[in-house]
Amino acid sequence: MQPVIPYLLFIVLLPLFGILFVAAAKDNEKTGGRNALKVAVLAVIANLLLIVRAFTQISLEYGKIQLVEKYQWLDSPEISLVFGVDCFSLLLMLGIHLAVLIGLWGVKDEAQGQKSRMIFTLLFLCLISGFLTAVDIFSFFIFFEAMLLPLYMLVGMFGEVRRQGTLFRFTLYNLLGSMLLFAAIVVIYNHQGRSIYLNAISRVELGQLSEVLVWSSIFAAFVSRIPIWPFHYWISSVSARIRNPLVFIIANIIPLTGVYGFMRFWPKTMPDVMVFLVVVLEVVSVLTMLFIALIAIINKDIQYKIFSFMTVYYIFYLLGAFLPTDQILLNVGFAIFAFLLIFAALEVMLSYMGSGRHPEISAEGCLQLMPRLSAVFTFMVLAGIGMPLSSMFVNNFVIMSGLLNYNPVTAFVALGALVLVSAALLSDLYQRKKEDVMLREEDQIADISAGEAVFMWGVAVVLVLSFVNPLWFVKG
Amino acid sequence: MEALSFWIPEIFLGATLLLMSTTAWLRDKNTPKTFYTIAKFGVWAALAAEIIWYYQSGEAEDSQIMLFKVIVYLLLLGNMYISLKWFLGDDRPSFRFYFLIVLMQLLLIATVSAEDLLVLMLFLQGGVLLTYLLMRTELDPDEAYPEIRRFGVIALIYAGIGLAGVWGLFSLSGSFDFGAVSAYLKVHQQEAAVFAACAMILVSLLFVLGVAPFHFWMSGAFSEAILPVSGYLSIVPLFAYYACLLNLVSGVMMPVYPLLRPAIEVFAVLSVVIGAVGANGENNVRRLFVYSRIFVIGVVLSVLLTFSSAAGFSGFVYLLVSMLALTGIYTVFYAFKSKGDYLSDLNDIAGLAESKPYLAAAVLLFMTSLLGFPPLIGFLGMVIVVNHLVDLHSYGLLLTVIFGILMMASAYLRVIKVMYFDSKHRGFDRVDRGIYVILLADVVIIVALLLSPRELLGAVEQMLR
């Protein structure tokens, strides 16, 4: 039965309406793109309110799909858009919207191309919302693939990596993953004679060869979104080089779609043929975590360190996704919510440093001269490495315990990688290493304004609240 | 009386041609709009007559044929309107162009309804002759245009092959009639002479469709011709030729088709690969989209392999959604203008998004639709194609199509990069409002189809079956 108010349809469509208003907004030298920005912020906030409202309509469990809405699209083949949510997908949606809102704050002073940036950002929000609410295989695929377009446009237009062939290869590589998923979905559809819900895929009994092909395609499709060795290069070479905070945040939400895909598709009771793939994924995952964490220690580029931080955590949550209980999956959701906010805030603050407000300086040691920024940045980094300042603390702990029970070796390597990447993030910003690149007191670096500090501390408050109660906004 | 009413659309078109000739002969002060206006009224009248006769005769005519006719008429009308912009731009004479495309329309609808092999082949080759004449429209008579000349020579050879095939079948079966020839083929399907004759007819049809490896004339000839001609030839006749292929194989050659199928399969794969690879090697946007068209034909042929009604439907839907997008792309070509010159080099449109954001957005929309990107209407075509291939367990073809899409994506990403990411190094002329109107109409059709494809596809499926 359709719900009386189609919240999910509204959540998906609202950014699209925002696009219409942004396109119509007056955007010239005088307005400096502020109109487009305001409309976009308004659309995001409105959607946030809708998401919070949707939270109040559901019971807070993992995997219990609620608020199901169905919109028939085609009769033959029978394809419908089916939306539905559980606590987990709503949490991710909320986290992504908040992260994008923080990203919008980061580009508020950029006038050039603001209209296009807002249009593609809202398009991305529309598609990622659709992706997180999709509950049947065709709806899932539609949004899984479609979000590549705004991503390509945003990175290409504003990411400053456009002159490199890597962006091409990155997009094609992701597209290949999508096409594999599409083929797998059509095979499942043909086998069943109808589209099915994501949680029913594991019950589909295919022939052995079909099973191997279908699950391998699904596996490859989701791995293509996560920077896991040996496919990490294209993703890291694009994501780590993006200099625009909003675009960086959006580009680095993409690996989350791979993790989410694994969580939704992967069966708890594995077909025999798939056990091998999971072992491969586990080994490759921990090695990648370690490898990326070590590079983060060596690499001087702070952007790369943030990227490494994110990647290591994504892979950690991916490992958590394969643990066999739904309770841990909900913990993964709580942790990712805080994680999204932390990395978005860190990225925006980075834009105030080296590559953003002070292009003439290296980021190394600059926090010593920016007390306001330093305080909030330190808070975020400490929250990020798992200090008891956000919901990452307890939930990472629970996931790690689950991993220890499951496979101690994996857990210890993962833990090592998390420590290393945290150390990498902390080290350079405070450490005085070389006199010639060290910043001096007389460099006169402007700190963030009081308003910017308030905004960032606001994000910190949300994180602390999530530590006290991950669903504080629902239960008051 | 009923027999006469059957010919009314053709009579209207004939009268239009007569009126155009008379006007050109008697009246000195003709503008490009004069012949457009005459052609427009003639074509509308013919279309109305087709529809009225179809319903008045109790839908006596094959609904599939009717569907293709209506599509060809509508595409022609759209093409005529947009072409006028080109002729008006430099005040060029339009008589030859409009006369030839109305005449071509006459031949195309006759080809679609043909139930006689000789009639079919004669009209088909008449269409090829008109194609050649169209290609020479408004070109500098002192220049050589080697690609068009090459097309003329090759077309002559393929016409000979096609006619020889028809003659061969006639000498074997003693009839040109579809039914009689089909009955003969059922009995003598294993004979080498029968196979050879059918293959010759099919090859000549594949040549006009531009299927690889018979495509080599296409990109050069289409890019040498003026924009209205290449736009028209890329899109409008395609549906008529597609209908011909369906009629010919499912209505006549089905008994020998199993022997021909492997060759068609190879041609389909070749078209997908050559279309996709060729598009990546092009810096001329018009040539790039000619390769795109070859790719589309390849995908359609891959789907059509069984020539069942389901295959016909799947191929038709993919062709329709692709041609809607290609129509949009060709419309945008009319706006690629700088200081009065039409631009065709990819680098010339660098930074288009800066000064013409709506045009760039339209190209982006049409290209992503061509790629079958969800949730655009191209996705509908892609779903139907992939579903059909999986249904047939044609996994090899499925992989080829996926590879082709990735290659096409690479070519389109390059176009997007140039339009959106590169800086502009030339100004663009003001865009005619009519171009925006056509683009808007195209977008509206795409969105309408996207939002509610069920009713339309249901009707189409019923007509094709």
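The structure this text deals with has already been given above.
Here the structure is a predicted model, which is why all the values come from computation and not from measurement.

### Considering the overall build of chain B
- The secondary structure content of chain B amounts to 20 helices and 2 strands.
- Taking 23 Å as the expected radius of gyration for a compact globule of 465 residues, we find that chain B reaches 22 Å, a close match to that expectation.
- For chain B, with 465 residues in total, the buried portion stands at 62%.
- In chain B, the proportion of contacts linking residues at least 24 apart, taken out of those at least 6 apart, comes to 80%.

### Observations regarding the overall build of chain A
- Scanning chain A from terminus to terminus reveals 19 helices and 2 strands.
- Across the 476 residues of chain A, 62% fall into the buried class.
- In chain A, 81% of the contacts between residues at least 6 apart in sequence involve partners at least 24 apart.
- Of the roughly 17,300 Å² of accessible surface on chain A, a fraction of 65% belongs to carbon and sulfur atoms.

### As for the packing of helix α3 (residues 87-106) of chain A against helix α11 (residues 254-265) of chain A
All names here are of chain A.
- Between α3 and α11, the least distance of the axes is 12 Å, while the angle of their chain directions is 175°. In terms of axis orientation, α3 runs roughly antiparallel to α11. Across the interface between the two elements, Phe 88, Ser 89, Leu 92 and Ile 96 from α3 touch Leu 256, Tyr 260, Met 263 and Arg 264 from α11.
- Across the contact of α3 with α11, the residue classes tally to 6 nonpolar, 1 polar and 1 charged.

### Description of the interface of chain B and chain A
- Listed by partner, the interface residues are 37 residues for chain B and 35 residues for chain A.
- Buried area between chain B and chain A, summed over both chains or domains, comes out near 3,200 Å², and the portion from carbon and sulfur atoms is 78%.
- In terms of surface lost to chain A, no three residues of chain B exceed Phe 373, Phe 421 and Arg 454 of chain B, which account for 21% of the buried area on that side.
- In this structure, the connection of chain B to chain A is made through 0 salt bridges.
- If you look at where chain B meets chain A, you find 3 residue pairs in polar contact (both at pLDDT 80 or more).
- Within the residue set of the side of chain B that touches chain A, elements represented by two or more residues are α16 (357-370), α17 (377-391), α18 (395-421), α19 (433-451) and α20 (453-464) of chain B.
- Tallied by class, residues from the side of chain B that touches chain A come to 26 nonpolar, 5 polar and 6 charged.

### Considering the side chain of Glu 69 of chain A
Residue and element names in this part refer to chain A.
- Assignment of secondary structure puts Glu 69 in strand β1 (residues 66-74).
- Despite being buried, Glu 69 has no salt bridge partner; Arg 53 is the closest side chain of opposite charge, sitting 12 Å away.
- Engagement of the side chain of Glu 69 in a polar contact is seen with the backbone nitrogen of Tyr 7, the distance being 3.2 Å.

### Thoughts on the pairing of strand β2 (residues 79-85) of chain A
Residue and element names in this part refer to chain A.
- Of all 7 residues that make up β2, 6 are buried, and the element is covered over most of its length.
- Direction of pairing for β1 relative to β2: antiparallel, over a ladder of 6 bridges. Counterpart to Leu 74 in the pairing with β2 is Ile 79.
- Between β1 and β2, which pair antiparallel one after the other, the connecting turn spans 4 residues.

### Here we look at the pattern of salt bridges
- Taken as a whole and judged by the stated rule, the model has 10 salt bridges over all chains.
- Close ionic contact of Arg 117 of chain A with Glu 110 of chain A constitutes a salt bridge, the shortest N to O distance being 3.3 Å.
- Taking the shortest distance from any N to any O, the salt bridge between Asp 432 of chain B and Lys 85 of chain B comes out at 3.5 Å. Taken as a pair, Asp 432 of chain B in the loop between α18 and α19 and Lys 85 of chain B in helix α4 (residues 63-89) lie far apart in primary sequence, 347 residues in all.

### Digging into the packing of helix α2 (residues 8-26) of chain B against helix α5 (residues 95-113) of chain B
All names here are of chain B.
- Relative orientation of the contacting elements α2 and α5 amounts to 165°, with a least axis distance of 10 Å. Between α2 and α5, the crossing angle belongs to the class labelled roughly antiparallel. Pair α2 / α5 crosses with left-handed handedness. Contacts between α2 and α5 involve Glu 10, Leu 13, Thr 16, Leu 17, Met 20, Ser 21 and Ala 24 from the first element and Phe 95, Tyr 98, Phe 99, Val 102, Leu 103, Gln 105, Leu 106 and Ile 109 from the second.

### Examining a nonpolar patch on the surface
Residue and element names in this part refer to chain A.
- A surface patch of nonpolar side chains, amounting to about 390 Å² of accessible area, comprises Phe 393, Val 394, Val 464, Phe 467 and Val 468.
- Those elements that place two or more of their residues in the nonpolar patch are α16 (392-406) and α18 (450-468).
- Element by element, the count of residues in the nonpolar patch is highest for α18, at 3 residues.
- Inspection of the secondary structure puts Phe 467 in helix α18.

### Topic: the packing of aromatic side chains
All names here are of chain B.
- Following the criterion strictly, the structure yields 59 aromatic pairs over all chains and no others.
- Taking the centre distance of 6.2 Å and the plane angle of 70° together, the rings of Phe 239 and Phe 316 count as edge-to-face. Remark: Phe 316 occurs in helix α14 (residues 309-333) and Phe 239 occurs in helix α11 (residues 227-253); sequence separation between them is 77 residues.
- Judged by its relative accessible area of 0%, Phe 239 is buried.
- Ring geometry for Tyr 330 against Phe 333: centres 5.2 Å apart, planes inclined by 75°, an arrangement best described as edge-to-face.

### What about the side chain of Asp 348 of chain B?
All names here are of chain B.
- Topologically, Asp 348 is positioned in the loop between β2 (341-342) and α15 (352-355).
- Looking at Asp 348, the relative accessible area reads 16%, which means it is buried.
- Those residues in contact with Asp 348 that lie beyond four places of it in its chain are Leu 343, His 425, Arg 426 and Phe 428.

### Brief notes about the nonpolar core
- Counting residues in hydrophobic clusters, the biggest one holds 388 residues, and the most contacted among them are Met 380 of chain A together with Tyr 98 of chain B.
- At 21 residues, the largest contribution of residues to this core is made by helix α14 (residues 326-352) of chain A.

### Digging into the environment of Ala 414 of chain A
All names here are of chain A.
- Counting through the fold element by element, Ala 414 comes out in helix α17 (residues 408-430).
- The exposure class assigned to Ala 414 is buried, which follows from its relative accessible area of 0%.
- For the pair Ala 414 and Phe 316, spaced 98 residues apart in sequence, the C-alpha separation works out to 6.8 Å.
- Those residues in contact with Ala 414, other than ones at most four positions away along the chain, are Met 289, Phe 316 and Met 400.

### Looking at unusual backbone geometry
Residue and element names in this part refer to chain B.
- In this structure, Pro 213 follows Ala 212 across a cis peptide bond, with omega equal to 10°.
- Tracing the backbone shows Pro 213 in the loop between α9 (192-209) and α10 (218-224).
- Cis geometry marks the peptide bond from Pro 374 to Pro 375, where omega comes out at 0°.
- Mapping Pro 375 onto the fold places it in the loop between α16 and α17.
- Of note in the backbone geometry, Phe 307 takes a positive phi value of approximately 55° without being a glycine.
- Inspection of the secondary structure assignment puts Phe 307 in the loop between α13 (285-304) and α14.
- Even without glycine at this site, His 393 takes up a positive phi of about 60°.
- Mapped onto the secondary structure, His 393 falls in the loop between α17 and α18.
- Taking the relative accessible area as the measure of exposure, His 393 reaches 56% and is therefore exposed.

### Some details on the environment of Ala 23 of chain A
- As for its placement among the helices and strands, Ala 23 of chain A is situated in helix α1 (residues 7-24).
- On the accessibility criterion, Ala 23 of chain A (28% relative accessible area) is partly exposed.
- Sequence-wise, Ala 23 of chain A and Val 468 of chain A are 445 residues apart; in three dimensions their C-alpha atoms are separated by 41 Å.
- In contact with Ala 23 of chain A, other than residues within four places in its own chain, are Lys 115 and Ile 119 of chain A together with Tyr 358 of chain B.

### Description of the environment of Gln 57 of chain A
Residues and elements named next belong to chain A.
- Within the fold, Gln 57 resides in the loop between α2 (34-56) and β1.
- Measuring from C-alpha to C-alpha, the distance between Gln 57 and Tyr 7 comes to 9.7 Å, with 50 residues separating the pair along the chain.
- When near neighbours in sequence (up to four residues on either side) are disregarded, Gln 57 contacts Tyr 7 and Leu 67.
- At 3.3 Å, the side chain of Gln 57 forms a polar contact with the side chain of Thr 56.

### Let's talk about α19 of chain B
All names here are of chain B.
- Taking 1.5 Å of rise per residue, the 19 residues of α19 would be expected to cover 27 Å, and the 26 Å separating its terminal C-alpha atoms lies within 8% of that figure.
- Residues of α19 that are buried include every one of Gly 434, Ile 435, Ile 438, Leu 439, Asp 442, Ile 446, Leu 449 and Leu 450, and no others. Summarising the axial view, the buried residues of α19 lie within an arc of 160°, below the 170-degree limit, and thus occupy one face. Exposed and oriented more than 90 degrees from the buried face of α19 are Arg 433, Leu 440 and Leu 451.
- Backbone nitrogen of Gly 434 and a side-chain oxygen of the N-cap are separated by 2.6 Å at the start of α19; the cap is Asp 432.

Procedures and definitions
- Residues numbered from 1 in each chain as written.
- Chains lettered and ligands numbered in written order.
- Predicted model: local features only at pLDDT ≥ 70, side-chain atom pairs only at ≥ 80, totals over all residues.
- Heavy atoms only, no water.
- Helix = DSSP H or I, 4+ residues; strand = E, 2+ residues; numbered from the N terminus.
- Rg over C-alpha atoms; globule rule 2.2 N^0.38 Å.
- Buried < 20%, exposed > 50% of the residue type's maximum accessible area, 1.4 Å probe, protein only.
- Contact = heavy atoms within 4.5 Å.
- Areas by Shrake-Rupley, 256 points an atom, 1.4 Å probe, with all protein chains shown as cover.
- Axes fitted to C-alpha atoms, helices over the stretch in contact; angles between N-to-C directions.
- Parallel < 35°, antiparallel > 145°, perpendicular 65-115°, else oblique.
- Nonpolar A, V, L, I, M, F, W, Y, C, P; charged D, E, K, R; others polar.
- Buried area = accessible area lost by both parts, 1.4 Å probe.
- Salt bridge = Lys/Arg side-chain N within 4 Å of Asp/Glu carboxyl O.
- Polar contact = N/O pair within 3.5 Å; in protein donor to acceptor, adjacent residues only side chain to side chain.
- Lys, Arg positive; Asp, Glu negative; His and termini not counted.
- Pairing = 2+ DSSP bridges.
- Left-handed = near helix turned anticlockwise from the far one by under 90°.
- Patch = residues over 30% accessible without salt bridge, like charges linked within 9 Å, V, L, I, M, F, W, Y side chains within 5 Å.
- Phe/Tyr/Trp six-rings, centres within 6.5 Å; stacked < 30°, edge-to-face > 60°.
- Core = buried A, V, L, I, M, F, W, Y, C linked by side-chain atoms within 4.5 Å.
- Expected span 1.5 Å × (residues − 1).
- Arc of directions from axis to C-beta.

Structural measurements only, silent on function.
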